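# Examination of the molecular architecture
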There are 2 protein chains.
Amino acid sequence: MLIGGAALATTAAVSFLPGVAHATTRAGAEKPIDFLFVIYPNGTLLDFAGPNEILSRIPNTRVRFASPAGGPVTLEKGIVFGPTEKLSDIDKVDVICIPGALNLSAMMKPEILAHIRKLSESAQYVTSVCTGSLILGAAGVLKGKRSACHWAFLNVLKEYGAIPDSARIVKDGRFMSGGGVTAGIDFGVAIAAELRGAQAAQQVQLLVQYDPQPPFRSGNPADAPENVREAVYKMLPGSKDGLMRPII
Amino acid sequence: MLIGGAALATTAAVSFLPGVAHATTRAGAEKPIDFLFVIYPNGTLLDFAGPNEILSRIPNTRVRFASPAGGPVTLEKGIVFGPTEKLSDIDKVDVICIPGALNLSAMMKPEILAHIRKLSESAQYVTSVCTGSLILGAAGVLKGKRSACHWAFLNVLKEYGAIPDSARIVKDGRFMSGGGVTAGIDFGVAIAAELRGAQAAQQVQLLVQYDPQPPFRSGNPADAPENVREAVYKMLPGSKDGLMRPII
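Residues numbered from 1 in each chain as written. Chains lettered and ligands numbered in written order. Predicted model: local features only at pLDDT ≥ 70, side-chain atom pairs only at ≥ 80, totals over all residues. Heavy atoms only, no water.

Attention now moves to the nonpolar core. Leu45 of chain A together with Leu45 of chain B are the most contacted members of the largest nonpolar core, which has 71 residues in total. The contact partners of leucine 45 of chain A, leaving out residues within four places of it in the chain, are Leu75, Ile79 and Phe81 of chain A together with Leu45, Ala49, Glu53 and Phe81 of chain B. Counting residues in hydrophobic clusters, the runner-up holds 44 residues, among them Leu36, Ile90, Ile135 and Leu157 of chain B. (Core = buried A, V, L, I, M, F, W, Y, C linked by side-chain atoms within 4.5 Å. Buried < 20%, exposed > 50% of the residue type's maximum accessible area, 1.4 Å probe, protein only. Contact = heavy atoms within 4.5 Å.)

Here you go:
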């Protein structure tokens, strides 16, 4: 929180202290970053497995996982992922990231949303992948902010006072979000660059050989062949207008 | 196993049976596909989390996970994934997929490799992501076959009599493979199309919004900026020549 000229001056002064100057280009001198994924029962694995593969490889960054109950979490399709810390045990992190799911009910509880709001207030970055932005919205932290979401659910963001943005990666101040499921990888590279610089992000991109070559052009409604798009609209009621309802 | 004209005639006849004709375009009439990921301690999550997100959503397909010991598996970075069946309990699957890791030691044991070889002999497709192809190579099933691998390890395939192919997705008869880590998603879409047709694969591509837009061009050594490439070559000894050694 910068409060006028005095705080600005302090910030400027810090950048001249030995060992802190150029901190963003010298990994050894950087403050470690605490990056928290908040996961939950019925969550979609790839939403966080994608960005985790990037963030767990950038320098001086601790990736943590938390969930409402702590311990192993049973995701969509019966996959069990762990370990996780108990969300309510965590007071502060540098980056909070909420991945998505079709079924958000485990997160849509007043005490959970209050804790998400608390962590979001002090975090340097508040982020999401896929329908995770609807959880941030329900927590009340996206009012007036542009945000991404899975295309099928994008316009539900308006109900929380957020501004839907169909871009794959959306940045609005300290808020960053990715679109549906696989967008988490692009989001991961983008926030890695934000946190640790373009060089570090590009190195990890090469490490995980992220040179995507989808066999088809079918990854968003504008590109997909009409018969594919129509079949998916039918499968996901409301999705044609970006108004599919998550389970809450 | 087609044995001359008689077997071919039988195959042809089957396609005229009611309910079997056009089986590839009618999900309800198709034989379920058993798709097995063989995972192991120290494995890389995204190698199989990527294709799993595709394959677990295509019609009439059962995705299974097995590991040498069965139960929950501790992957790279301390992530615990489960449940898994015990590999030796599985006699036959339609598709076997071996994801990769830097540390392959849990798989490079004679009895494990023998079981991989056995499953590979009867499978309709024998597949891998990243350095998983080195495990298939060590199992002796890739002799004379073209295969992909993570770029840093690609030429190690030659030691197993396989033919390294730097393409992101490689198909050689019933052998299909993806390159490093994130290539698993492209591989997943490609094999989904192979198993269930282009329409089904494209529908899932739209469901998971797979319209990649990496913030940088740095996903393979040919594209990455020189300073990025050189830094990664230094980080991964031998990688410049595709001869990095996995831990075995």
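Next, the rest of the story.
Take the sheet that holds strand β2 (residues 61-67) of chain B next. The pairing of strands in a sheet happens through backbone hydrogen bonds and is either parallel or antiparallel. Residue and element names in this part refer to chain B. On the basis of which strands lie adjacent, the open sheet formed by seven strands has the order β5-β2-β1-β6-β7-β11-β10 and mixed pairing. Of all strands in the sheet, those bounded by a partner on one side alone are β5 (85-86) and β10 (169-172). As paired strands, β2 and β5 are joined by two bridges and run parallel to one another. Paired with serine 67 across the bridge in β5 is lysine 86. In the packing of helix α3 (residues 110-122) onto the sheet, contacts are made with β1 (33-38), β6 (95-98) and β7 (125-129), and the angle to β6 comes to roughly 140 degrees. Together, β1, β2, β6, β7, β10 and β11 (175-178) form the strand contacts of helix α5 (residues 183-196), whose direction differs from that of β7 by roughly 165 degrees. (Pairing = 2+ DSSP bridges. Helix = DSSP H or I, 4+ residues; strand = E, 2+ residues; numbered from the N terminus. Axes fitted to C-alpha atoms, helices over the stretch in contact; angles between N-to-C directions.)

All right, on to the relation of the copies chain B and chain A then. One copy of the chain maps onto the second through a rotation about an axis and a displacement along it. Expressed as a screw operation, the relation of chain B to chain A combines 0.0 Å of axial shift with a rotation of 180 degrees, fitting to an RMSD of 0.0 Å. The superposition operator between the copies reduces to a two-fold rotation axis. Within chain B, phenylalanine 81 of chain B has its C-alpha nearest the rotation axis, a separation of 2.5 Å. (Least-squares fit on C-alpha atoms with pLDDT ≥ 70 in both.)

Let's shift gears to unusual backbone geometry. Between glycine 82 of chain A and proline 83 of chain A the backbone carries a cis peptide bond, its omega angle lying at -10 degrees. As for its placement among the helices and strands, proline 83 of chain A is situated in the loop between β4 (80-82) and β5 (85-86). The phi angle at lysine 77 of chain A is positive, at roughly 65 degrees, despite the residue not being glycine. Along the polypeptide, lysine 77 of chain A turns up in the loop between β3 (73-74) and β4. Residues other than glycine seldom take positive phi values, yet glutamine 209 of chain B does so here, at roughly 45 degrees. Mapped onto the fold, glutamine 209 of chain B is located in the loop between α6 (198-207) and α7 (226-235).

What follows covers the environment of leucine 36 of chain A. Residues and elements named next belong to chain A. In this fold, leucine 36 is placed in strand β1 (residues 33-38). Overall, the relative accessible area of 0% leaves leucine 36 in the buried class. Note: C-alpha distance between leucine 36 and phenylalanine 187 (151 residues apart in sequence) is 15 Å. Aside from chain neighbours lying at most four places away, what touches leucine 36 is Arg64, Phe65, Ala66, Leu87, Ile90, Val93, Val95, Ile96, Cys97 and Leu119.

Turning our attention to the UniProt feature "domain: DJ-1/PfpI" (unreviewed entry) in chain A. UniProt's feature table lists "domain: DJ-1/PfpI" (unreviewed entry) at residues 42-193 of chain A, given in the numbering used throughout. Secondary structure across residues 42-193 of chain A divides into 28% helix and 23% strand, with the first and last C-alpha atoms of the span separated by 30 Å. (UniProt positions renumbered as here; feature names shortened; annotations may be inferred.)

This part takes up the packing of helix α2 (residues 45-55) of chain A against helix α2 (residues 45-55) of chain B. Two elements in contact, α2 of chain A and α2 of chain B, have axes separated by 9 Å at closest approach and are oriented at 145 degrees. The two elements α2 of chain A and α2 of chain B meet at a crossing, and its hand is left-handed. For the pair α2 of chain A and α2 of chain B, the contacting residues are Leu45, Leu46, Ala49, Gly50 and Glu53 of chain A in the first and Leu45, Leu46, Ala49, Gly50 and Glu53 of chain B in the second. In the contact of α2 of chain A with α2 of chain B, the residues fall into six nonpolar, two polar and two charged. (Left-handed = near helix turned anticlockwise from the far one by under 90°. Nonpolar A, V, L, I, M, F, W, Y, C, P; charged D, E, K, R; others polar.)

Here the structure, examined in full by the defined rule, presents 24 salt bridges over all chains. Of the charged contacts in the structure, one is a salt bridge between aspartate 91 of chain A and lysine 118 of chain A, with a shortest N-O distance of 3.2 Å. Separated by 27 residues along the polypeptide, aspartate 91 of chain A in the loop between β5 and β6 (95-98) and lysine 118 of chain A in helix α3 (residues 110-122) bring together distant segments of the chain. Of the charged contacts, one joins arginine 64 of chain B and aspartate 34 of chain B as a salt bridge, the two residues approaching to 2.7 Å between their closest N and O atoms. With arginine 64 of chain B in strand β2 and aspartate 34 of chain B in strand β1, this residue pair connects regions lying 30 residues apart in the sequence. (Salt bridge = Lys/Arg side-chain N within 4 Å of Asp/Glu carboxyl O.)

What follows is about the pairing of strand β10 (residues 169-172) of chain A. Residue and element names in this part refer to chain A. Residues of β10 alternate between two faces, with Val170 and Asp172 buried on one and Ile169 and Lys171 left unburied on the opposite face. Pairing geometry for β10 and strand β11 (residues 175-178), over four bridges, is antiparallel. If you follow valine 170 over to β11, its bridge partner there is serine 177. In sequence, β10 turns back onto β11 through a hairpin of two residues, with glycine 173 there showing a positive phi of about 65 degrees.

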